[in-house]
Structure formats: structure tokens, C-alpha cells
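# Observations on the three-dimensional arrangement
Now for the letters of each chain:
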Amino acid sequence: MADDGPNKYITLVSSDGFEFVVLREAACASPTIAGMLRNQMVEAKTGRCSFAEISSIILEKVAEYLSYRLKYKDKLDVPDLDIPVEYCLEMIVVADFLGLDEQMA
């Protein structure tokens, strides 16, 4: 393959063992995930990032957001991303942990 990275996709693993495959480019919007995928980190070698404190329900929404963010990057007319109210507090905490809150301006 002629690309400049290891694999085009990575796997995010939740605390309850569910796996979500996302584009590496999308996942690297998170400085935390990007850091995990650098250099000689285990995650960089395996392409798997495990999150012992993030449930599958929340990690699924994170994966959805990362893909959504990449899809609508540089677009003007962006539809809302549906996040159920009951997940909002956890999403804010996880967004902070993953550095995604810093990306919003």
C-alpha cells in the first residue's frame, strides 16, 4: 500500500469490551488518541486504543462524533449530531478527557 501511515483504520475499545472501528484521520482529532497512536506506544503498533473508563454507549457516540466531525469538516451547512440528553454529562467529561473540547471554537 502506498499510503504514509500504518493502517487507515483504528479500533476504539470500551470498558465493557465493545469495539468501534474508525478512520485514523478522524480519531486523531482527539489529541489524546493521537498521542496514543504515536511512536512506540502499544496502541500505535496494534491500532487499538482501550478506554477502561468509557462505556460502550458513550464510546459509540464518541466514534460517531469523530466520523461526523471529519465528514463535515470545512462545511457550512452542518446538521445536528443527535446526542440523547441522558448522555450529555458523560459526553462532556469524555470530551474533556479526549481533548475534544479544546478543538471546538
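All figures in this text were calculated on a predicted structure; none of them were measured in a lab. (Residues numbered from 1 in each chain as written. Predicted model: local features only at pLDDT ≥ 70, side-chain atom pairs only at ≥ 80, totals over all residues. Heavy atoms only, no water.)

## Describing the overall build of the chain
A tally of helices and strands in the chain yields 5 helices and 3 strands. When its helices and strands are written in sequence order, the chain yields β-β-α-α-α-β-α-α. Here the C-alpha atoms of the chain give a radius of gyration of 14 Å, agreeing with the 13 Å that 2.2 N^0.38 yields for 105 residues. Its C-alpha atoms put the chain at 40 × 35 × 20 Å along the principal axes. Every one of the 105 residues in the chain was classed for burial, and the buried ones make up 35%. Per element, the accessible surface of the chain, about 7,000 Å² overall, is 55% carbon and sulfur. Taking the average location of the 10 positive side-chain charges in the chain and that of its 18 negative ones, the two points are 9 Å from each other. (Helix = DSSP H or I, 4+ residues; strand = E, 2+ residues; numbered from the N terminus. Rg over C-alpha atoms; globule rule 2.2 N^0.38 Å. Buried < 20%, exposed > 50% of the residue type's maximum accessible area, 1.4 Å probe, protein only. Areas by Shrake-Rupley, 256 points an atom, 1.4 Å probe, with all protein chains shown as cover. Lys, Arg positive; Asp, Glu negative; His and termini not counted. Charge placed at Lys NZ, Arg CZ, Asp CG, Glu CD.)

## Overview of the pairing of strand E2 (residues 19–23)
Side chains Phe20 and Val22 project from E2 onto a buried face, and the interleaved Glu19, Val21 and Leu23 project onto a face without burial. Pairing of strand E1 (residues 9–13) with E2 involves 5 bridges; the strand directions are antiparallel. When the bridges of E2 are listed, Tyr9 appears paired with Leu23. (Pairing = 2+ DSSP bridges.)

## Some words on the packing of helix H4 (residues 56–71) against helix H5 (residues 88–98)
Each pair of packed helices can be summarised by the angle the axes make with each other and by the distance between the axes. For the pair H4 and H5, interaxial distance at closest approach is 10 Å and the crossing angle is 60°. Relative to H5, H4 is oriented oblique. At the point where H4 passes H5, the crossing takes the right-handed sense. Contact with H4, carried on its side by Ile58, Lys61 and Val62, involves Glu90, Met91, Val94 and Leu98 of H5 and no other residues of that element. Looking at the contact of H4 with H5, its residues break down into 5 nonpolar, no polar and 2 charged. (Axes fitted to C-alpha atoms, helices over the stretch in contact; angles between N-to-C directions. Parallel < 35°, antiparallel > 145°, perpendicular 65-115°, else oblique. Left-handed = near helix turned anticlockwise from the far one by under 90°. Contact = heavy atoms within 4.5 Å. Nonpolar A, V, L, I, M, F, W, Y, C, P; charged D, E, K, R; others polar.)

## Considering the sheet that holds E1
Taken together, 3 strands build an open sheet; the order of strands is E2-E1-E3 and the sheet is mixed. Of all the strands in the sheet, the pair left with one neighbour each is E2 and strand E3 (48–50). Ignoring which end each strand starts from, the neighbouring axes of this sheet average 25° apart. Bridge analysis of E1 against E3 gives 3 bridges, and the strand direction is parallel. Of the residues in E3, the one forming a bridge with Val13 is Ser50.

## Comments concerning H5
Among all positions in H5, only Met91, Val94, Ala95 and Leu98 are buried. Around the axis of H5, the buried residues are gathered within 105° of arc, so they sit on the same side. H5 presents Leu89, Ile92 and Val93 as exposed residues on the side facing more than 90 degrees away from its buried surface. Looking at the buried side of H5, the elements it contacts are helix H2 (31–36) and H4. Backbone geometry just downstream of H5 places Gly99 in the positive-phi region, at approximately 75°. (Arc of directions from axis to C-beta.)

Everything listed is a geometric property; what it means functionally is a separate question.
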